[in-house]
Amino acid sequence: MSWRAENTDEELMLGYRDGDAGAFDAIYARHKGGLYRYLLRQCRNAAVAEELFQDVWMSLIRARSRYTVQAKFTTYLYRLAHNRLIDHYRKSAHATTVSLEDEDIEAIAEVPDERDPPPDQALDSKRQAGRLLELIAALPEDQREAFLLQQEAGMSVEEIAQATGVTRETAKSRLRYAMAKLRQGMSK
Amino acid sequence: MTLNGRKVGIGPGGAERDPRLDRVYHAAGGEVPPTHLDAAILAAAHREVSSRPRSLPATLRRWRVPVSIAAVVVLSVSLVTLIREEGGGDLMPVTPGVAPASRAREATPKPAQTDAEKLVAQPPTAASAPPRPAPQRDDAGDPVEKARRRAPAATARPAPRLEQDVVSAGAASSAGESFPPTATAPVEPPQRARVEARARKNEQSAAGRPDTATLLKAYESQPPEKWLEKIAELKRGGWTTEVAEMLTEFKRRFPGYPVPPGLQ
């Protein structure tokens with residue numbers, strides 16, 4: 001069966017469940033970039049990101065026969081990625097795994113970064129992008145994840161809550177703080 | 001909505017979005033996984049499909065359990081029905097040597113046959129034999145009559161109706177009978193005689209032993225023919241004592257009146 005762009009992610013995944021490898025090719029092509037960047041921006045190590053990336057897709061492949069449409073496919077995929085990331089953090093005892101309180105975040109944000117360009121100078125797009133990625137990397141884990149899920153997976157607050165296993169209000173709060181921090185950092 | 005002088009929009013799902021952040025972020029770079037990683041993952045996905053057979057469609061998988069249960073139920077019911085049909089068979093208790101017709105007759109005692117008295121009064125000769133619609137054979141060749149003569153209780157000639165029933169039920173070999181045919185199986189004569197005797201005995205048991213004094217008083221004003229009929233009936237019932245008493249009284253009341261030899 002030939003799959004088209006108008007086929008939903010759920011249709012593609014069901015097709016793969018029923019034995020159509022071409023459906024997997026299509027859905028992989030749709031989401032490989034966003035998932036890779038989601039993992040890369042959080043672990044900030046290409047080798048680790050590739051390892052986690054492969055683990056996530058292998059988990060999905062092994063669970064092929066059991067797949068049922070209970071939520072959006074992106075929620076299902078990034079939930080796998082989130083859990084795999086948590087496992088990595090626990091194993092590696094990453095320094096940034098400590099989830100900071102919002103008050104601490106505000107205090108950190110107020111600390112000037114010597115590497116930052118003078119606030120009165122306009123940044124070109126390339127430098128802005130670089131600046132933004134640095135700011136994203138400086139975010140607390142939960143806030144960074146919420147922002148990346150919004151940007152890379154196009155998730156709503158509700159979907160972010162489902163993927164990360166928190167309430168809607170918590171997801172909304174994390175996203176709001178993340179954006180506030182990023183805007184504040186970009187305005188400097 | 002503005003925040004820090006910058007317009008912030010509400011995206012789908014109530015998520016707060018900043019167009020500038022969106023633009024800057026997507027301009028930051030579109031990193032993609034290396035090609036060798038793509039090849040490895042795609043190969044694994046294809047191996048998974050080829051190694052496992054195609055799974056059932058969701059519709060079939062949903063109905064797998066109910067269909068299985070239904071199949072087990074149908075099979076069980078079929079087996080039970082088959083066993084019952086093979087093991088049930090004829091539910092009627094079968095008495096060896098007794099045909100269904102005789103079994104049916106055993107259960108129902110014969111009512112009193114007033115017409116039989118007429119036959120008893122008539123000697124069994126061709127000239128004086130009462131007119132019968134059937135049978136065709138004579139008494140000498142009638143197995144029923146032979147059996148009746150042999151049976152101690154079956155000494156009296158049965159009523160035409162009774163005889164008709166007996167002959168029609170048992171005369172499998174008789175030809176040209178005008179009796180209405182029955183659907184029952186032929187009954188052997190000795191068995192029939194026993195059946196008749198048993199029926200009469202049931203009748204008598206049900207009716208109770210006749211009281212001679214009562215009979216004598218009842219027949220006090222009766223003509224001699226009636227007396228003889230009653231005596232014949234008592235004799236058929238086996239009430240020998242009552243027969244003797246009635247006969248004695250009959251001879252006293254009607255001296256010289258001819259008494260049939262069968263009642264002597």
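Across its full length, chain A carries nine helices and zero strands. Ordered by position in the sequence, the α and β elements of chain A form the string α-α-α-α-α-α-α-α-α. Within the span of chain A, comprising 188 residues, buried residues form 51% of the whole. If you take every contact in chain A between residues at least 6 apart in sequence, the share linking residues at least 24 apart comes to 65%. On chain A, roughly 8,800 Å² of surface is accessible, and the fraction owed to carbon and sulfur atoms is 49%.

Inspection of every chain in the model, using the stated rule, returns 18 salt bridges over all chains. Arg37(A) is the partner of Glu152(A) in a salt bridge, and the nearest nitrogen-oxygen pair spans 2.9 Å. Separated by 115 residues along the polypeptide, Glu152(A) in helix H7 (residues 141-153) and Arg37(A) in helix H2 (residues 21-43) bring together distant segments of the chain. An identical accessibility class is assigned to Glu152(A) and Arg37(A); each is buried. Residues participating in the shared-partner salt-bridge network are Glu220(B), Glu249(B), Arg252(B) and Arg253(B).

Looking now at the packing of aromatic side chains. Tallying each qualifying case throughout the model produces 16 aromatic pairs over all chains. A ring pair is formed by Tyr16(A) and Phe24(A), whose centres lie 5.0 Å apart and whose planes are at 45°; its orientation type is tilted. With respect to burial, Tyr16(A) and Phe24(A) carry one shared label: buried. Between Phe147(A) and Tyr25(B), the ring centres sit 5.8 Å apart and the planes meet at 90°, which makes this aromatic pair edge-to-face. Here Phe147(A), found in helix H7, pairs with Tyr25(B), found in helix H1 (residues 19-27), and the two come from separate chains. Its relative accessible area of 0% is what places Phe147(A) among the buried residues. Aromatic rings pair up to connect Tyr16(A), Phe24(A), Tyr28(A), Tyr36(A), Phe53(A) and Trp57(A) into one cluster. Over the ring of Tyr16(A) we find Arg64(A); its NZ or CZ atom is 5.7 Å from the centre of that ring.

A few words on the confidence of the model for chain B. Residue and element names in this part refer to chain B. Here chain B shows a mean pLDDT of 70. Residues at 70 or above account for 45%. Least confident of the elements in chain B is strand E1 (residues 2-3), whose mean pLDDT is 45; most confident is helix H2 (residues 35-51), at 94. Below pLDDT 50 for its whole length, residues 1-6 participates in 14 contacts with residues either more than four positions away or in separate chains. Confidence drops under pLDDT 50 across residues 137-141; counting only partners more than four residues distant or on other chains, this segment forms 12 contacts. Confidence estimates for the predicted assembly give a pTM of 0.50 and an ipTM of 0.82.

What follows deals with the interface of chain B and chain A. On the chain A side, the residues contacting the 42 residues of chain B number 44 residues. Here chain B and chain A share an interface that buries about 3,800 Å² over both sides, 57% of which is from carbon and sulfur atoms. The largest per-residue losses of area from chain B upon contact with chain A belong to Leu21(B), Tyr25(B) and Ile41(B), which jointly make up 18% of the total buried on that side. One can count four salt bridges joining chain B with chain A. Residue Arg41(A) pairs with Glu31(B) through a salt bridge whose shortest N-O separation is 2.8 Å. Secondary structure elements with two or more residues in the side of chain B that touches chain A: strand E4 (16-17), H1, H2 and helix H3 (58-88) of chain B. Ranked by the residues each element gives to the side of chain B that touches chain A, the list is headed by H2(B), at 11 residues. Per-class residue counts for the side of chain B that touches chain A are 22 nonpolar, eight polar and 12 charged.

Parameters at a glance
Residues numbered from 1 in each chain as written. Chains lettered and ligands numbered in written order. Predicted model: local features only at pLDDT ≥ 70, side-chain atom pairs only at ≥ 80, totals over all residues. Heavy atoms only, no water. Helix = DSSP H or I, 4+ residues; strand = E, 2+ residues; numbered from the N terminus. Buried < 20%, exposed > 50% of the residue type's maximum accessible area, 1.4 Å probe, protein only. Contact = heavy atoms within 4.5 Å. Areas by Shrake-Rupley, 256 points an atom, 1.4 Å probe, with all protein chains shown as cover. Salt bridge = Lys/Arg side-chain N within 4 Å of Asp/Glu carboxyl O. Phe/Tyr/Trp six-rings, centres within 6.5 Å; stacked < 30°, edge-to-face > 60°. Lys NZ or Arg CZ within 6 Å of the ring centre and 35° of its normal. pLDDT = per-residue confidence, 0-100. Buried area = accessible area lost by both parts, 1.4 Å probe. Nonpolar A, V, L, I, M, F, W, Y, C, P; charged D, E, K, R; others polar.

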